[in-house]
Amino acid sequence: DTPEEGDRLIAQRSQEIKAILGDNIYGYDEESLEEVVLKLLQEEKLTLSLAESCTGGLIASRLTDIPGASASLICGVVSYSNASKINILGVREQTIGNYGAVSSQTAEEMAAGVKKLNGTDIGLSITGIAGPEGGSAEKPVGLCYIGIAGDTVKAHKFIFSGNRTKIKWNSSSRALDILRRELLSKKK
C-alpha cells in the first residue's frame, strides 16, 4: 500500500532468494561478473594471469573493459596453437601427445604455466573446441576445460551448446565464475 511496505516486502523476498541461491548470485543490479571478479581480486590483493586458447582473449577483453583491471590482471596469453602452449606456457609435449590440446591435463598445465611465467597468485586457463568444425565423438564441439592454479591446480570440464560466438561467451563466463567461486572460498 505504501512505498515503505513495498521496500520491506522486496527486502524480505530478496533475503529468501539469497538464502536459496547462495553463491550462485554473483551481483546485483548492473554489477557484472567481471566487476565482481576484479573487486574480489583487489580486496584480497591477488594477481591474475590468463592462458586462453578457444576464447582467443575474450576473458582478458572482458576484464580489461573494467577500469582499474591493471591492478590485478598482469598478463593474458592467447595460446591458440600447440606450439605456443608448449613454448610459452611450458605444457609438456607429452601431455598434448597423450591427452590432446583439449584435455584436463593440458588445461591444468596451461594454468600452472601462465601463473609461473608471470609470477602471479592465480593462473586461469581455458582450452576447448568452439566449432563449428573440429569436434569428434570423443571430443564434441563445445567441449571446454577450464584450469585454475592457485594454492592447488585443478581443471573443470564443460560441454557448451550453440554457435562459435555463444560457446566462446559461455565458456568465458564459466571461467570467470570458477575464478569468482575460488576467490570466495578463500574468504571463508
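Each remark here, short or long, concerns the structure printed above.
Residues numbered from 1 in each chain as written. Predicted model: local features only at pLDDT ≥ 70, side-chain atom pairs only at ≥ 80, totals over all residues. Heavy atoms only, no water.

**Observations regarding the overall build of the protein chain**
Rule in force here: Numbering of helices and strands starts at the N terminus; helices are DSSP runs of H or I of at least 4 residues and strands are runs of E of at least 2. Only protein chains enter the calculation, and the probe is 1.4 Å; a residue is then buried if its accessible area is under 20% of its type maximum, exposed if over 50%, and partly exposed in between. Here a residue-residue contact requires only that any non-hydrogen atoms of the pair lie within 4.5 Å. All accessibility values rest on the Shrake-Rupley procedure with a 1.4 Å probe; residue burial counts only the protein chains present in the view.
Each helix and strand in the protein chain was counted, giving 7 helices and 5 strands. For the protein chain, the succession of helices and strands along the chain, N to C, is α-α-β-α-β-α-α-α-β-β-β-α. Each principal axis of the C-alpha distribution contributes one length, and for the protein chain these read about 65 × 35 × 25 Å. Burial status across the protein chain gives 44% buried among its 188 residues. Considering only contacts in the protein chain between residues 6 or more positions apart, those separated by 24 or more positions represent 62%. Carbon and sulfur atoms make up 51% of the accessible area of the protein chain, which amounts to about 10000 Å² in all.

**A closer look at the pairing of strand β5 (residues 153-159)**
Every regular strand shows the same layout, with side chains that alternate between the two sheet faces. Here is the rule: At least two DSSP bridges between two strands are needed for those strands to be called paired.
Bridging between strand β4 (residues 143-149) and β5 involves 7 bridges; their strand directions are antiparallel. Residue pairing in the sheet places Ile148 in a bridge with Lys154 of β5.

**Concerning the pattern of salt bridges**
Which entries qualify depends on this criterion: Criterion for a salt bridge: a side-chain nitrogen of Lys or Arg within 4 Å of a carboxyl oxygen of Asp or Glu.
Scanning the model with the defined rule gives 8 salt bridges in all. Across the pair Arg92 and Glu109 runs a salt bridge whose closest N-O atoms are separated by 3.0 Å. Taken together, the positions of Arg92 in the loop between α4 (82-87) and α5 (93-99) and Glu109 in helix α6 (residues 104-118) put the pair 17 residues apart, joining distant regions of the chain. Lys186 is paired through a salt bridge with Asp151; the nearest N and O atoms lie 3.2 Å apart. Of this pair, Lys186 sits in helix α7 (residues 164-187) while Asp151 sits in the loop between β4 and β5, and the two are 35 residues apart along the sequence. For Lys186, a relative accessible area of 30% corresponds to the partly exposed category. Each of Asp177, Arg180 and Arg181 takes part in one network of salt bridges that share partners.

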